[in-house]
Amino acid sequence: MAKARAIVKRRKAIQNIRKITHTMELIATARFKKAMDRASQAEAYTRKIAELVADLSRSSLGVAHPLLAVREPVNQAVLLVLSSNRGLCGGYNGNVLRHAIRQYEQLRAETGGIQLEVAGKRGINYFRFRGVLAEERYTQFEDKPRFDDVATLAHRYIQWYASGRIDRLAVTYTKFYSASRQAVTTETLLPLRSAEVRGAAGARGAAADSSAASTPYEFLPDAAGILAEVLPMSFKVRLFKCFLDAAVSEQIARMVAMKGATENAGNILRNLTMLYNRARQAQITKEIAEIVGGAEAIK
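Residues numbered from 1 in each chain as written. Predicted model: local features only at pLDDT ≥ 70, side-chain atom pairs only at ≥ 80, totals over all residues. Heavy atoms only, no water.

(A) Layout of the side chain of Glu187. You can see Glu187 is positioned in strand β5 (residues 181–190). For Glu187, a relative accessible area of 13% gives the class buried. The contact partners of Glu187, leaving out residues within four places of it in the chain, are Leu169, Ala170, Val171, Tyr173, Lys175, Arg238 and Cys242. (Helix = DSSP H or I, 4+ residues; strand = E, 2+ residues; numbered from the N terminus. Buried < 20%, exposed > 50% of the residue type's maximum accessible area, 1.4 Å probe, protein only. Contact = heavy atoms within 4.5 Å.)

So this is what it looks like as structure tokens:
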């Protein structure tokens, strides 16, 4: 009977685990829907302002802006890595961090210097374990990143780039395409020209992109004032979109992982139930045999 009792205790433990994973799946599903709504709402605005900046950057305005200046060679770069604060989300963090460490090594080889900044406790612990020093570490960005927090971070990058302290800003994160497709990518957000033109071209196609190059613009009061407002806002919106994509991708990964864990727990419970029934049947058969044997001995 000891074996049957051990199976019963293990079944109870697996049942408790299944309750936890199922609850986490439901929570991740609810958070995913909210995060996806925020990312979808930001997508249209981000795409439109990217198209505008792409058109302005190719127009013959005679007005330059520091955020559009492409600097070669790159003497100082910043790599921002977006990971999560919590685990139990499948391979989400592993995929991001493996991609990030390759990008870090590549940028370090290509540029004169590189500064690493990491958002998320998982990423911070990973780079600490690898012996890579992260200059800045952020843990305040959860599944609901706030624009004000991201804007503060973006403002610092803008000041650094405008003053010449950095020559490139790259962000490694999981880009959200749809509920069934997310991909780890590294995007160069500064200078704006490299990010905005490529994003606008992919959104509108080559034909629309070529026709937009000749689109006339009239600026009131002046082109320099308009660019001074539009370009920093464009960068802040794009950086915020990266955080939103990372948040919704994390919830999708956690939802899928917890669903798989719940299904696996159910399979284990079915197997344990079969083992328990066999052990109990063997115990009953043994007891019957002992009773029959004792009755025969009495005769």
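(B) Region of the structure containing the environment of Ser178. Tracing the backbone through its elements, the reader meets Ser178 in strand β4 (residues 168–178). The exposure class of Ser178 is partly exposed, given its relative accessible area of 27%.

(C) View of the pairing of β4. Direction of pairing for strand β1 (residues 77–82) relative to β4: parallel, over a ladder of five bridges. When the bridges of β4 are listed, Leu80 appears paired with Val171. Sheet analysis places β4 next to β5, joined by nine bridges and oriented antiparallel. Paired with Tyr173 across the bridge in β5 is Thr185. Linking two consecutive strands that pair antiparallel, namely β4 and β5, is a turn of two residues. (Pairing = 2+ DSSP bridges.)

(D) Main features of the pairing of β1. With respect to burial, β1 is a largely interior element, six of its six residues being buried. Inspection of the sheet shows β1 paired to strand β2 (residues 114–119) by six bridges, in the parallel sense. From the neighbouring strand, Leu80 faces β2, where its bridge partner is Glu117. Following the chain from β1 across helix α2 (residues 92–110) to the adjacent parallel β2, one finds a crossover that is right-handed. (Right-handed = clockwise from strand over helix to strand, strands pointing away.)

(E) A look at the environment of Asp148. Considering the arrangement of structural elements, one finds Asp148 in helix α4 (residues 147–163). Here the alpha-carbon distance between Asp148 and Lys236, two residues 88 residues apart in the chain, equals 9.7 Å.

(F) Highlighting the packing of aromatic side chains. Using the criterion set out here, one finds five aromatic pairs in the structure. Judged by centre distance (5.3 Å) and plane angle (85°), the rings of Tyr126 and Phe127 are edge-to-face. Seen in terms of ring centroids, Phe141 and Phe243 are 4.5 Å apart; in terms of plane orientation they differ by 45°. Their pairing is tilted. Note that Phe141 is positioned in the loop between β3 (136–138) and α4 and Phe243 in helix α7 (residues 223–298), a separation of 102 residues in sequence. When its relative accessible area of 6% is taken as the criterion, Phe243 is described as buried. Counting every residue linked through ring pairs, the aromatic cluster contains Tyr138, Phe141 and Phe243. (Phe/Tyr/Trp six-rings, centres within 6.5 Å; stacked < 30°, edge-to-face > 60°.)

(G) Summary view of the confidence of the model for the protein chain. Taken residue by residue, the protein chain gives an average pLDDT of 84. The fraction at 70 or more is 87%. Of all secondary-structure elements in the protein chain, the lowest mean pLDDT belongs to helix α6 (residues 206–212), at 46, while β1 reaches the highest, 95. Taken as a whole, residues 200–213 scores under 50 in pLDDT and shows 16 contacts with residues more than four places along the chain or in a different chain. (pLDDT = per-residue confidence, 0-100.)

(H) Highlighting unusual backbone geometry. With omega at -5°, the peptide bond leading from Glu72 into Pro73 counts as cis. Here Pro73 lies in the loop between α1 (2–58) and β1. Going from Leu190 to Pro191, the amide bond is cis rather than trans, its omega being 5°. Inspection of the secondary structure assignment puts Pro191 in the loop between β5 and α5 (192–204). Unlike most non-glycine residues, Leu88 shows phi in positive territory, near 55°. Tracing the backbone through its elements, the reader meets Leu88 in the loop between β1 and α2.

(I) Quick look at the pattern of salt bridges. The final tally for this structure, using the stated rule, is nine salt bridges. The salt bridge involving Glu187 is made with Lys175; its shortest N-O contact spans 3.8 Å. On the criterion of sequence distance, the pair formed by Glu187 in strand β5 and Lys175 in strand β4 is long-range, its members being 12 residues apart. The partner of Glu187 in a salt bridge is Arg238, with the nearest N and O atoms 3.3 Å apart. With Glu187 in strand β5 and Arg238 in helix α7, this residue pair connects regions lying 51 residues apart in the sequence. For the pair formed by Glu187 and Arg238, the shared burial category is buried. Several salt bridges converge on common partners, so that one network encompasses Arg146, Asp148 and Asp149. (Salt bridge = Lys/Arg side-chain N within 4 Å of Asp/Glu carboxyl O.)

(J) Focus on empty space enclosed by the protein. One pass over the structure, following the stated rule, counts one cavity of 30 Å³ or more. Counted as a void, the largest cavity has a volume near 160 Å³. Looking at the largest cavity, it is lined by 18 residues, and the ones nearest its centre are Ser83, Ser84, Phe141, Glu142 and Glu250. Considering every element that reaches the lining of the largest cavity, the biggest residue donor is α7, with four residues. (1 Å grid on protein atoms, 1.4 Å probe; cavity = no way out; pocket = protein on both sides within 12 Å on 5 of 7 lines; lining within 4 Å. Points joined across faces, edges and corners; volume = space filled by probe spheres on them.)

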